[in-house]
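Architecture and fold: a report
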Amino acid sequence: MNQRISTRVGMIFAGLTVVLLFCGGAGYYSATRLSNGIDYVTTTAWSAADGSMESVINIQKQAIALGQLASSTNEQRAQELTVKIQEAIKQVDESTARMKATGLFEKELLERLDKLHSDFANARSEMLTAYANYRANPGATTSGAVVQANRDFDAITPELLQFLNEMEAVGDSKVENFTNEISGIKSEAYGAIAISLAL
């Protein structure tokens, strides 16, 4: 009789030990997944979405500065605006590099982005050259070049901005997907903790 009771008690303790080990393992696994998920959201996925957004902002800055440059007759002001444009170009290059480094975008998307960036850069260079020529030598010829450069720039800019907005949406969806996954992992971890405390 005493042996049966001690056997039962031993089995109960063994069972509790197994359950506790299982809960501890599940908690550790969930905590590791949660940590990795948070790292992913705050680094890789965020860089994808934020890189697209920063590119949009700095392309818009270039467009605004170019518009101001078109109406500027002051050479010093023109130089200041040109510096602003160069700074915005640098920011776009950096944000685009961050987007590409995430590895979240398909090759076709990145190739399309490179093509649009190249077309945009060419149109921007044409505008800068046309404005500089017009300021140096106002006339029908240089005025016509400015009009054509504006048309080319106005044609490519909305297309590039729209594409970047689509890429930002892709990055945002990655953040949202992992945020939802993190919520699930938290629930698993809380469940394991609750079971452990109940025991």
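As a starting point, this report considers the structure included with it. Predicted, not measured: the structure shown is a model, and the values here were computed from it. Within any chain, residue numbers begin from 1 and follow the written order of that chain's sequence. It should be noted that, the model being predicted, local features are given only for residues of pLDDT at least 70 and side-chain atom pairs only at 80 or more, the latter also being counted only at that level, while totals for whole chains, interfaces and linings use all residues. Remark: hydrogens and water are excluded; side-chain values derive from all non-hydrogen atoms of the structure.

Turning to the overall build of the protein chain, a few remarks are in order. A tally of regular secondary structure across the protein chain gives 4 helices and 0 strands. Listed N to C, the secondary structure of the protein chain is α-α-α-α in terms of helices and strands. Within the protein chain, buried positions represent 32% of all 199 residues. Any pair of residues with heavy atoms lying within 4.5 Å of one another is described as a contacting pair. In the protein chain, of all internal contacts separated by at least 6 residues, the share reaching a separation of at least 24 is 81%. Put simply, DSSP marks the helices as runs of H or I at least four residues long and the strands as runs of E at least two long, and each gets a number from the N terminus on. Note on exposure labels: buried denotes an accessible area under 20% of the residue type's maximum, exposed denotes more than 50%, and partly exposed covers the range between, all computed with a 1.4 Å probe on protein chains only.

Here the focus is the pattern of salt bridges. A side chain of one charge can pair with a side chain of the opposite charge if their charged atoms are brought near each other. Whenever a carboxyl oxygen of Asp or Glu lies within 4 Å of a side-chain nitrogen of Lys or Arg, that contact is scored as a salt bridge. Applying the stated criterion across every chain, the model contains 6 salt bridges. With a shortest N-O distance of 3.6 Å, Arg77 and Glu80 are connected by a salt bridge. Of the two residues, Arg77 and Glu80 are both situated in helix α2 (residues 75–101); the distance of 3 residues between them amounts to about one turn of the helix.

For the rest of this paragraph, the subject is the environment of Val146. Examined against the element boundaries, Val146 turns out to sit in helix α4 (residues 140–198). Excluding residues within four positions of it along the chain, Val146 makes contact with Ala130, Tyr131 and Tyr134.

What follows concerns the nonpolar core. What we call a nonpolar core is a set of buried Ala, Val, Leu, Ile, Met, Phe, Trp, Tyr and Cys residues that are connected through their side-chain atoms within 4.5 Å. Of all hydrophobic cores here, the largest spans 33 residues; its most connected members are Leu66 and Leu69. Among the elements of the structure, α1 (2–70), α2, α3 (107–136) and α4 are those that each provide at least two residues to this core. Beyond its immediate chain neighbours, meaning those up to four positions away, Leu66 contacts Ile85, Arg124, Met127, Leu128, Tyr131 and Phe153.

Our next topic: the packing of aromatic side chains. Pairing of aromatic rings covers Phe, Tyr and the six-membered ring of Trp, with a centre-to-centre limit of 6.5 Å; geometry is then stacked below 30 degrees between planes, edge-to-face above 60, and tilted otherwise. Applying the stated criterion to the full structure yields 1 aromatic pair. Each ring, one from Phe120 and one from Phe153, has its centre 5.2 Å from the other, and the planes form 45°; the classification is tilted. Residue Phe120 is located in helix α3, and its partner Phe153 is located in helix α4; the two are separated by 33 residues in the primary sequence. One exposure class covers both Phe120 and Phe153, and it is buried.

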